[in-house]
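# Inside the fold
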Amino acid sequence: MKKILLLTAIVAFGLSNVNAQDSKFGVTAGYTNITEKASFEGDSFSSSESGFYIGVLGDFTISEKFHIQPEVLYANASETNFLYIPVLAKFMVSEQFGILAGPQANLILEEVVEGFNTLGIDITFGANYDINENFFIEARYGFEVTNRIKDGGDLKDRINTLNVGIGYKLSLIHIWRCRRRG
């Protein structure tokens, strides 16, 4: 819980310098592949499940080349439900292409066996491409840095995630103008 509060404080502080005219909100969805990797004393095992994700995002312009992109994503793979909360820094390499990186909290929404953490923290990186002003595609990979096993000693268990999808976003000004017309 302390980690989530710290992450929230960092986001709030970072968004205090946002240019509201260039900020956008949107939705995203796509393919997810969730891999669980366990290791113990040099032996390892992994299994992967595929599914989908769907969520909402904000794209807050800090400068012409730098954006902050917080998201809330729901993912399902093999009947297991996850909630992902990434807060990504986006460096715009060109007008349409950006590199993403940042922390991501991931939460298993199912009951788990005793001694297994439902909350994990990832380091996420990827790229996105703006097809036009509203539509974009992106791909990213999250490496979990926390151990899912409580007091596991040499036993380690991590969940890594690949997301590939498409999204749609609108500027705040466009949303405001549509509401005034409606």
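In what follows, the structure referred to is the one given above.
Residues numbered from 1 in each chain as written. Predicted model: local features only at pLDDT ≥ 70, side-chain atom pairs only at ≥ 80, totals over all residues. Heavy atoms only, no water.

## Some remarks on the nonpolar core
Note that soluble globular proteins tend to have their nonpolar side chains buried in a common cluster. What counts is decided by this rule: Here, nonpolar core refers to any group of buried Ala, Val, Leu, Ile, Met, Phe, Trp, Tyr and Cys residues whose side-chain atoms link them within 4.5 Å. Accessible area is worked out with a 1.4 Å probe on protein chains only. A residue is then buried under 20% of its type maximum, exposed over 50%, and partly exposed in between. Helix and strand definitions here come from DSSP, where helices need a minimum of 4 consecutive H or I residues and strands a minimum of 2 consecutive E residues; each element is numbered from the N-terminal end. Whether two residues are in contact is decided by their heavy atoms: any pair within 4.5 Å suffices.
If you look at the biggest cluster of nonpolar residues, it comprises eleven residues: I34, Y53, L73, A75, A77, F82, Y84, I108, F116, I149 and I159. Taken together, the elements giving at least two residues each to this core come down to β3 (66-77) and β4 (80-92). In terms of residue count, β3 provides more of this core than any other element does, three residues in total. Beyond its immediate stretch of four places on either side in the chain, Y53 contacts T28, A29, G30, Y31, T32, L73, Y74, A75, N163, V164, G165 and I166.

## Notes on the sheet that holds strand β7 (residues 135-144)
Under the convention used in this document: A pair of strands is considered paired only if DSSP assigns at least 2 bridges between the two. Interaxial angle, 0 to 180 degrees, is taken between N-to-C directions of lines fitted to C-alpha atoms, where a helix line uses only the stretch in contact.
Strands sit in the order β1-β2-β3-β4-β5-β6-β7-β8 around a closed barrel of eight strands; the barrel is antiparallel. Neighbour to neighbour, the strand axes of the sheet diverge by 25° on average, direction disregarded. Across ten bridges, the pairing between β3 and β4 is antiparallel. Its bridge partner lying in β4, I68 is registered against A89.

## Some thoughts on unusual backbone geometry
One non-glycine residue with positive phi stands out, namely E41, at about 50°. You can see E41 is positioned in the loop between β1 (24-40) and β2 (43-61).

## A short note on the pairing of β2
As defined by bridge partners, β1 adjoins β2 across 17 bridges and the pair is classed as antiparallel. What sits directly across from Y31, in β2, is F52. Between β1 and β2, which pair antiparallel in sequence order, lie two residues; one of them, E41, sits at a positive phi of approximately 50°. Inspection of the sheet shows β2 paired to β3 by nine bridges, in the antiparallel sense. Residue pairing for β3: G51 is matched across the bridge by A77. Where β2 hands over to β3, the hairpin turn is made up of four residues, counted between the paired strands.

## Description of the pairing of strand β5 (residues 97-108)
Pairing between β4 and β5: nine bridges, direction antiparallel. Counterpart to M92 in the pairing with β5 is G98. What sits between the antiparallel neighbours β4 and β5 is a turn of four residues.

## Re the pattern of salt bridges
Note the threshold: Salt bridges, as used here, are contacts in which a Lys or Arg side-chain nitrogen is within 4 Å of a carboxyl oxygen on Asp or Glu.
Counted according to the given criterion, the structure contains six salt bridges. D59 is the partner of K169 in a salt bridge, and the nearest nitrogen-oxygen pair spans 2.8 Å. Highlighted residues: K169 in strand β8 (residues 156-171) and D59 in strand β2, separated in sequence by 110 residues. For K169, a relative accessible area of 3% puts it in the buried group. In this structure, the salt-bridge partner of E71 is R140, at a minimum N-O distance of 2.9 Å. With E71 in strand β3 and R140 in strand β7, the pair connects residues that are 69 residues apart, well separated along the chain. Taken together, the shared-partner salt bridges connect D59, K90, D130 and K169 into one network.

## A short note on the side chain of N81
Going by this rule: For this analysis, a polar contact is any N or O atom pair within 3.5 Å, provided that within protein one partner can donate a hydrogen and the other can accept it, and provided that sequence-adjacent residues contribute only side-chain to side-chain pairs.
Mapped onto the fold, N81 is located in strand β4. A relative accessible area of 18% means that N81 is categorised as buried. Within polar-contact distance, the side chain of N81 engages the side chain of E110 at 2.4 Å.

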